Amino acid sequence: MDESTGAPLPSALPAVGENKRVRVHHLAAAKAAGERLTMLTAYDAPTARIFDAAGIDMLLVGDSIGDNMLALDSTIPVTVDELVPAVRAVARSTRRAMVVADLPFGSYEAGPEQALASAVRMLKEGGAHAVKFEGGVRVAEHVRLLAGAGIPVVGHIGFTPQSENMLGGKRVQGRGDDGAERLCEDAVALQDAGAVAVVLEMVPAPVAARVSEILHIPTIGIGAGPHCDGQVLVWLDMAGMGDWSPRFAKQFAQLGAALQQAASGYASEVRSGTFPAPQHSYES
């Protein structure tokens, strides 16, 4: 708010409907202005179009496609070849949102050069505007190489699903003084290497607040409390598309129940012969 006029200050982000893409410099400007960033996952064209029109700032084509859309038990089996078509569909269906593509497990762990090759595919074949991968200090050189090549990188620390087997399951990370210190070190290492933002997943809220305070790049929380610079959710959790959602997710609608009701109504009318009606048919 402009204290002299009482009018709202101009947003650091492109206006919704302006058809101007959210870029890296907008992320930094939003943090500086205290504007919260919005992020959702998207895996296909219809949802990407809807979220883009709704003004979501960033769309993550996540490896969460595995356990949310491909009926896999985890994100670990997802491949680059499976993600690229989803990235392409989302990128082609948006005009404003920054499209961020995950690098799935096995596509960057061998070293910075492998990460670069995988990221290039996401940009060249998928049309992504940035990539995201998991890890802190251990992947700082990966981030440095990609940033030097002109590829924006979003980091991901805290609970990292690709390391679920090593972490002992879906467990909150960063607890205790040592855990909080390691998380801060990871976050700073990513920033120093050139990351443009950092996702904090399943981190105690006070620790996420501390990380957000010490970084000049935005933090995007998921199960990390209200003090991050933005928030991300898997869209199916956000929209109530399943029977279960994690504790940190709020269901803003019950689309799953609505879709089931619509399908039941369709099936009932087909079986009774009331659909298609004359207005749904062509004359000779």
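Residues numbered from 1 in each chain as written. Predicted model: local features only at pLDDT ≥ 70, side-chain atom pairs only at ≥ 80, totals over all residues. Heavy atoms only, no water.

Looking at an unreviewed UniProt entry, one finds the protein chain named 3-methyl-2-oxobutanoate hydroxymethyltransferase, with Ruania alkalisoli as its source organism. UniProt annotates the protein chain under Sequence similarities (unreviewed entry) with the comment "Belongs to the PanB family." Within the UniProt record for the protein chain, the comment given under Catalytic activity (unreviewed entry) is "(6R)-5,10-methylene-5,6,7,8-tetrahydrofolate + 3-methyl-2-oxobutanoate + H2O = 2-dehydropantoate + (6S)-5,6,7,8-tetrahydrofolate". (UniProt positions renumbered as here; feature names shortened; annotations may be inferred.)

With that out of the way, let us pick up the overall build of the protein chain. Looking only at helices and strands, the protein chain features eleven helices and eight strands. A compact globule built from 284 residues would reach a C-alpha radius of gyration of about 19 Å, and the protein chain, at 21 Å, matches this within 12%. With the C-alpha coordinates aligned to their principal axes, the bounding extent of the protein chain is approximately 70 × 55 × 40 Å. A separation threshold of at least 6 residues defines the contact pool for the protein chain, and within that pool the share at least 24 residues apart is 57%. Of the accessible surface of the protein chain, which amounts to about 14,300 Å², a share of 54% is contributed by carbon and sulfur atoms. Of the charged side chains in the protein chain, 23 are positive and 32 negative; the average position of the first set lies 3 Å away from that of the second. (Helix = DSSP H or I, 4+ residues; strand = E, 2+ residues; numbered from the N terminus. Rg over C-alpha atoms; globule rule 2.2 N^0.38 Å. Contact = heavy atoms within 4.5 Å. Areas by Shrake-Rupley, 256 points an atom, 1.4 Å probe, with all protein chains shown as cover. Lys, Arg positive; Asp, Glu negative; His and termini not counted. Charge placed at Lys NZ, Arg CZ, Asp CG, Glu CD.)

Another aspect to go through is the packing of aromatic side chains. Given two aromatic rings, their pairing is described by the distance between the two centres and the angle made by the two planes. Under the defined criterion, the tally for this structure stands at three aromatic pairs. Between Tyr266 and Phe275, the aromatic rings sit 6.1 Å apart at their centres with planes inclined by 65°, giving edge-to-face as the arrangement. The exposure class of Phe275 is partly exposed, given its relative accessible area of 32%. (Phe/Tyr/Trp six-rings, centres within 6.5 Å; stacked < 30°, edge-to-face > 60°. Buried < 20%, exposed > 50% of the residue type's maximum accessible area, 1.4 Å probe, protein only.)

Take the UniProt feature "active site" (unreviewed entry) in the protein chain next. As recorded in UniProt, the feature "active site" (unreviewed entry) lies at Glu201. Leaving out residues up to four positions away in the same chain, Glu201 has contacts with His156, Ile157, Gly158, Phe159, Pro161 and Ile222.

Within the largest apolar cluster, 80 residues are counted, with the highest numbers of intra-cluster contacts made by Leu59, Met122, Val131, Phe133, Leu146 and Leu200. Residues contacting Phe133, with those up to four places away along its chain left out, are Leu103, Tyr108, Val139, His142, Val143, Leu146, Val153, Val154, Gly155 and His156. (Core = buried A, V, L, I, M, F, W, Y, C linked by side-chain atoms within 4.5 Å.)

Looking now at the pairing of strand β7 (residues 219-222). Alternating residues of β7 divide into Thr219 and Gly221 and Ile220 and Ile222, and every residue in both groups is buried. Handedness of the β-α-β unit built from strand β6 (residues 197-201), helix α9 (residues 205-214) and β7 comes out right-handed. Across two bridges, β7 lies against strand β8 (residues 230-233) in parallel orientation. Bridge pairing in β8 links Gly221 to Gln231. (Right-handed = clockwise from strand over helix to strand, strands pointing away. Pairing = 2+ DSSP bridges.)

Residues annotated in UniProt with the feature "binding site: 3-methyl-2-oxobutanoate" (unreviewed entry) correspond here to Asp63, Ser64, Asp102 and Lys132. These annotated residues cover 70 residues of sequence, and their C-alpha atoms lie no more than 12.3 Å from one another, placing them together at a single site. Looking at where Ser64 falls in the secondary structure, it is placed in the loop between β2 (58-61) and α3 (65-69). What makes Ser64 buried here is its relative accessible area of 12%.

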